[in-house]
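# Understanding the architecture of this molecule
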Amino acid sequence: MYIDDTIAAIATAPGEGGIGIVRMSGEKALDIAESVFESVNKKSIKDHNPRTLIYGNIIDDGKIIDEVLLAYMKGPHTYTKEDVIEINCHGGFISVKKILELVLKKGARLAEGGEFTKRAFLNGRIDLSQAEAVMDIINAKTDMSYNVAQSQLEGSLSFKIKELRNKVTELLAHVEVAIDFPDEDVEHITYENLYNKSKELRKEIINLYETSETGKIIRDGLKTVIVGKPNVGKSSLLNAILKESRAIVTDIPGTTRDVIEEFVNINGIPLRIIDTAGIRDTEDVVEKIGVQKSREFFESADLAILVLDASRELSVEDIDILENVKNKNTIVLINKTDLENKMDEDKIKEYIDEKRIIKISALERKGIDKLENEIADMVYKGNVSQGDSVMITNVRHKDSLERAINSINDAINAIEDNMALDFIEVDLKNIWDYLGEVSGDTVSEDLLDTIFRDFCIGK
Ligand SMILES: Nc1nc2c(c(=O)[nH]1)N(C=O)[C@@H](CNc1ccc(C(=O)N[C@@H](CCC(=O)O)C(=O)O)cc1)CN2
Ligand SMILES: Nc1nc2c(ncn2[C@@H]2O[C@H](COP(=O)(O)OP(=O)(O)OP(=O)(O)O)[C@@H](O)[C@H]2O)c(=O)[nH]1
Ligand SMILES: [Mg+2]
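Remember, predicted model here, so these are calculated numbers, not experimental data.

Basis of the calculations
- Residues numbered from 1 in each chain as written.
- Chains lettered and ligands numbered in written order.
- Predicted model: local features only at pLDDT ≥ 70, side-chain atom pairs only at ≥ 80, totals over all residues.
- UniProt positions renumbered as here; feature names shortened; annotations may be inferred.
- Helix = DSSP H or I, 4+ residues; strand = E, 2+ residues; numbered from the N terminus.
- Buried ≥ 20, exposed ≤ 12 C-beta atoms within 10 Å, placed from the backbone.
- Pairing = 2+ DSSP bridges.
- Axes fitted to C-alpha atoms, helices over the stretch in contact; angles between N-to-C directions.
- Contact = placed C-beta atoms within 7 Å.
- Near = placed C-beta within 6 Å.
- Nonpolar A, V, L, I, M, F, W, Y, C, P; charged D, E, K, R; others polar.

### What to know about the UniProt feature "binding site: K(+)" (unreviewed entry) in the protein chain
The sites that carry the UniProt feature "binding site: K(+)" (unreviewed entry) are, in the present numbering, N231, T250, I252 and T255. Spanning 25 residues, the annotated positions come together in the fold, the maximum distance between their C-alpha atoms being 8.1 Å. Tracing the backbone through its elements, the reader meets T250 in the loop between α9 (234–242) and β9 (260–266). T250 gets classed as exposed once you count the C-beta atoms within 10 Å, which come to 10. Tracing the sequence through the fold places I252 in the loop between α9 and β9.

Take a look at the structure:
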């Protein structure tokens, strides 16, 4: 693919900072840079060694805009494989904005989100899963999500997909030979061979697919909603987990009106923890909206933490919420265990597995570690992942693998039914295509646009 325009964007985060970077990529990057930059030694950019920082000024209409360091990287040995110019100017809002406007005036086009990385993909430096990993690195919330993304950027997933696709190619070759040179003996061996190899391949794809459950949580976080009736200590729990006084805590029921959302790292799992308004029937208009929101958040949660008050008897409201959570991923916390116990634990066990009932005191920060361990157990299901094996973290990849598995099931059924080899060939080609969606070998232009649109500007 030939790309002929030159893109520009601010690559650093907006705001006050020591240095800001304006970045350009494309055929005209060097010419545009030459037209706005004056090095102190008066030599043009191209007469300096590429990939060295050149000290000088950005000039517009004879006026100095900013004192900068400029780098010229000559394609194809660059991030995008095109000519790249980076201008390191002073940070803050104004300098970067002025320099960006100037290079746009000189013929560059404002880059779309992720467009530099998209070019790295289109120009063949990295595959699509690596490009997506770049974004995951930027968005990583814990060391573990970072490590998985880093390993994908290095090509761990690309390599695995290549390996799987090579196996499909081998199978296809067998099938094609048998189609081209029909012979009963050969055909018999082909079917048996195909059957065994297809089953091995299915196992391998399924193994990879199954990492996606944990993988998604490692990348996107576990949406965890704290629910319960008013005054049981939900906000106190949030504060205890965050180790800071984030939410307002009072002894007045109905204190929390809106949802409060924070990220916290629990044994490597990014937990999106959400404190909600206590659920009860109320005439207060504001509180009513809060209660409605609590219910909505609770519906879409990956994990519900139901808080009960140990110093009171189980009420109708508690039981009502218990009824709602019993079919979900739920942990029940019996809070305020520092006070005299009035809670009938046996009754709770009728709704929730005993293992998922934990006694805590949010006030004294007791039992929080037990809660954290239980969450980690639920996510890792015993097999603690360090995030160093090949892992599926991206829903798009998961969906493609699912399609590949369906096709290999079709192929295996076709072999079992002794169907004509042409049918099996079609299934195998589908597997090849679906696996190729992960690496980006077989994706449409539209899909690429949707994928890169979510990236940040300047990446
Ligand atoms: N200033 C700056 N910092 C940055 C980046 C950048 O583009 N600019 N990066 C990104 O945003 C990341 C670094 N990633 C990069 C990846 C590849 C190449 C590159 O030029 N690759 C060539 C040359 C390799 C070589 O010298 O052998 C290639 O692969 O052909 C550059 C940066 C992080 N830091
Ligand atoms: N003794 C004791 N008191 C607690 C504990 N946890 C919370 N409390 C107290 O219970 C009261 C209510 O706490 P909150 O955290 O505001 O309760 P909430 O569930 O968020 O209440 P709403 O926002 O109104 O739904 C406060 O007075 C807390 O200090 C605990 O473990 N032990
Ligand atoms: Mg509260």
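Still more ground to cover, so stick around.
### Considerations on the pairing of strand β5 (residues 63–73)
Within a regular beta strand, the side chains point alternately toward one face of the sheet and then the other, so they alternate between its two faces. Of the strand pairs in this sheet, strand β4 (residues 53–60) and β5 are connected by eight bridges, and their pairing is antiparallel. Within β5, the residue paired with N57 across the bridge is E67. By the bridge criterion, five bridges tie β5 to strand β6 (residues 84–90) in an arrangement that is antiparallel. Residue pairing across strands places L70 opposite I87, the latter belonging to β6.

### Details of the environment of E416
Structurally, E416 is set in helix α14 (residues 395–416). Judged by the 10 C-beta atoms lying within 10 Å of it, E416 is exposed. Separated by 382 residues in the primary sequence, E416 and E34 have C-alpha atoms spaced 67 Å apart.

### What to know about the sheet that holds strand β8 (residues 222–227)
Spatially, β9-β10-β8-β11-β12-β13 is the arrangement adopted by the six strands of the open sheet, whose pairing is mixed. Strands at the two margins of the open sheet, each flanked by one partner only, are β9 and β13 (357–359). Neighbouring strand axes in the sheet, compared pairwise and without regard to direction, differ in orientation by 25 degrees on average. In this sheet, β13 lies alongside strand β12 (residues 330–335) in parallel orientation, the contact comprising three bridges. Residue pairing in the sheet places I334 in a bridge with K359 of β13. In the packing of helix α10 (residues 285–299) onto the sheet, the strands contacted are β8, β10 (269–275) and β11 (303–309), and the crossing angle to β8 comes to about 140 degrees. Helix α11 (residues 316–325) contacts β8, β11 and β12 of the sheet and is inclined by roughly 160 degrees relative to β11.

### Comments concerning the site of ligand 1
Every residue close to ligand 1 is listed here: H77, T78, Y79, E86 and R125. Of the residues in the shell around ligand 1, the class split is one nonpolar, two polar and two charged.

### Observations regarding the site of ligand 2
Around ligand 2, 24 residues are found, and the nearest of them are G233, S235, T256, G278 and L363. When residues of the shell around ligand 2 are assigned to their parent elements, the largest contribution, three residues, is made by α9. When its residues are assigned to classes, the shell around ligand 2 shows eight nonpolar, twelve polar and four charged.

### Comments concerning helix α3 (residues 115–122)
Of all the eight residues making up α3, seven are buried; the element is thus mostly covered by neighbouring parts of the structure. Of all the residues in α3, the buried ones are E115, F116, T117, K118, R119, A120 and F121. Buried residues along α3 sit in contact with β1 (7–10), β2 (19–25), α4 (128–139) and α16 (445–453). Backbone geometry just after α3 places G124 at a positive phi near 85 degrees.

### Concerning the UniProt feature "binding site: Mg(2+)" (unreviewed entry) in the protein chain
In this structure's numbering, the residues bearing the UniProt feature "binding site: Mg(2+)" (unreviewed entry) are S235 and T256. The greatest C-alpha distance among the residues just named is 7.6 Å, despite their covering 22 residues of sequence, which places them together in space. Here S235 lies in helix α9. For S235, a count of 25 C-beta atoms within 10 Å puts it in the buried group. Tracing the backbone through its elements, the reader meets T256 in the loop between α9 and β9. With sequence-adjacent residues up to four places away left out, T256 is seen in contact with K234, S235, A247, D275, T276, A277 and G278.

### Considering the pairing of β1
Burial along β1 is two-sided: I7 and A9 facing one way and A8 and I10 facing the other are all buried. As paired strands, β1 and β2 are joined by four bridges and run antiparallel to one another. Residue pairing for β2: A8 is matched across the bridge by M24. Sheet topology places β1 next to strand β7 (residues 109–110); two bridges connect them, and they run parallel. The partner of I7 across the bridge, within β7, is R109.

### With respect to the sheet that holds β2
Judged by pairing direction, the sheet is mixed, and its seven strands sit side by side in the order β3-β4-β5-β6-β2-β1-β7 without closing on themselves. The sheet terminates laterally at β3 (37–39) and β7, the two strands that pair on one side only. Note that β2 and β6 share seven bridges and pair antiparallel. In the sheet register, R23 faces β6, and the bridge partner there is E86.

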